[in-house]
Amino acid sequence: MAVEDYEKFFEMTTEERKQSIQEHPSILNDLLGTIGHEEAAIRDQLNYRLFIMLLSENALGETVITEFVSKLSSTDGLLFNIGENGTSSVFQRSYAALYLAAIVNADRQLNILTSEQLELLAQNAVALLAKEQDLRSFVDTKSGWAHSITNTTELISAIIAHPLYPIRFTAQILQAIRANIWKGYVFIDDEEERFCNIIQALLAKNIDEELFIEWFEQLFDQLEMVAYERGYDALWFKARTNQLNLAKTIYFYLKFANRNEKLRSIVSTFIQRWLKLN
């Protein structure tokens, strides 16, 4: 669509937008085909803005939402050219995750998605979180934010909060977070807070605290093992920074929420131990 077409949509009333979508369904195909547009002005300020408006107004029917989920959870969306780094494909993966997060959050009231669809979403979202190699946040003025990791964590948090969350994915989600610690990149745009949001969502599901304790122990065991085997190289120091930032964020969340005292104590112990490294 041309910019003026978007502007007409934004100026319509809710009922006018619904009627226009019904009369011109190709508009949604255009929207779906350009979610990963390279220009932020189109991708964020027009496409995504219109999509959220239509979703919040219930202007998208069950069939349309199902089609969006099917397309965006596939190799045309979340898994599009996964593994590439420094290319425009990151916007397709990232915004597929962002759109899907909005749909999954809305579906807690809509009840459209099936358990099978949630399974596939969880599987592919975890795969993206684990395998994404393009870790850029802000790219440039024209392209704006890539933020694939951030948007994928938003999707995973939404999936966890959904009543049909397939709990068997919990261990895989934790290991995907662990994989990001060792990607040779220090996260600088509060990604550790997004990882912590996933932990919060999982804890809200009343999953056994021992699983998180074991996971934290494994994180720091790996840090110690790599130091022993390879020494304190650049990869190790970047992983240590990521790990400590995540641990501190989770510790303060648990402290302020006054919950999971045993887990909080163990996290605190590890933080104190590794902050003493000279």
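Given the structure is predicted, the values throughout are model-derived calculations rather than measurements. (Residues numbered from 1 in each chain as written. Predicted model: local features only at pLDDT ≥ 70, side-chain atom pairs only at ≥ 80, totals over all residues. Heavy atoms only, no water.)

A. Main features of the overall build of the chain. Helices and strands together make up the secondary structure of the chain, namely 13 helices and 2 strands. Against the 2.2 N^0.38 benchmark of 19 Å for 278 residues, the chain shows a C-alpha radius of gyration of 20 Å, consistent with a compact globule. Along the longest, intermediate and shortest principal axes, the C-alpha atoms of the chain span 65 × 40 × 30 Å. Counting only residues that meet the buried cut, the chain has 49% of its 278 residues in that class. Long-range contacts, defined here as pairs at least 24 residues apart, represent 76% of the contacts in the chain between residues at least 6 apart. Looking at the chain as shown, the accessible area adds up to about 13100 Å², and 49% of this sits on carbon and sulfur atoms. Taking the 26 positively charged and 38 negatively charged side chains of the chain as two groups, their mean positions are separated by 7 Å. (Helix = DSSP H or I, 4+ residues; strand = E, 2+ residues; numbered from the N terminus. Rg over C-alpha atoms; globule rule 2.2 N^0.38 Å. Buried < 20%, exposed > 50% of the residue type's maximum accessible area, 1.4 Å probe, protein only. Contact = heavy atoms within 4.5 Å. Areas by Shrake-Rupley, 256 points an atom, 1.4 Å probe, with all protein chains shown as cover. Lys, Arg positive; Asp, Glu negative; His and termini not counted. Charge placed at Lys NZ, Arg CZ, Asp CG, Glu CD.)

B. Quick peek at the domain arrangement of the chain. On domain assignment, one finds that the chain holds domain 1 (1–165) and domain 2 (169–277). Of note, the centres of domain 1 and domain 2, computed from C-alpha atoms alone, are 29 Å apart. With both sides pooled, the region where domain 1 packs onto domain 2 buries about 1800 Å², and carbon together with sulfur makes up 66% of that total. Its largest share of buried area at the contact with domain 2, domain 1 owes to L135, I160 and Y165, together 31% of the area lost on that side. Notably, a salt bridge pairs R194 with E154, separated by 2.6 Å at the nearest N-O pair. Viewed at the interface, domain 2 and domain 1 are joined by 9 residue pairs in polar contact (both at pLDDT 80 or more). Sorting the residues of the side of domain 1 that touches domain 2 by element identifies α7 (115–131) and α8 (148–161) as the ones contributing at least two each. (Domains from an automatic or database assignment. Buried area = accessible area lost by both parts, 1.4 Å probe. Salt bridge = Lys/Arg side-chain N within 4 Å of Asp/Glu carboxyl O. Polar contact = N/O pair within 3.5 Å; in protein donor to acceptor, adjacent residues only side chain to side chain.)

C. Quick look at the pattern of salt bridges. All chains considered together, the criterion is met by 10 salt bridges. Here R43 and D44 are joined by a salt bridge, their closest N and O atoms 3.9 Å apart. Classification of R43 as buried rests on a relative accessible area of 0%. Judged by relative accessible area, which is 25%, D44 ranks as partly exposed. Ionic pairing is found between E224 and R273, a salt bridge with its closest N-O pair at 3.1 Å.

D. Broad picture of the packing of α8 against helix α10 (residues 191–203). Running from N to C, α8 and α10 cross one another at 10 degrees; their axes reach a closest spacing of 9 Å. Accordingly, the angle class assigned to the pair α8 and α10 is roughly parallel. The residues of α10 that touch α8, namely those facing I149, T150, T153, E154, I156, S157 and I160, are E191, R194, F195, N197, I198, A201 and L202. (Axes fitted to C-alpha atoms, helices over the stretch in contact; angles between N-to-C directions. Parallel < 35°, antiparallel > 145°, perpendicular 65-115°, else oblique.)

E. Here's a closer look at the environment of Y99. Topologically, Y99 is positioned in helix α6 (residues 89–110). Distance from Y99 to F220, taken between C-alpha atoms, is 34 Å for residues 121 residues apart in sequence.

F. Up close: helix α9 (residues 170–181). In this model α9 runs 18 Å from its N-terminal to its C-terminal C-alpha over 12 residues, within 8% of the 16 Å that 1.5 Å per residue would give. Among the residues making up α9, those that are buried are T170, I173, L174, A176, I177, N180 and I181. The buried residues of α9 occupy one face: seen down the axis, they fall within an arc of 160 degrees. (Expected span 1.5 Å × (residues − 1). Arc of directions from axis to C-beta.)

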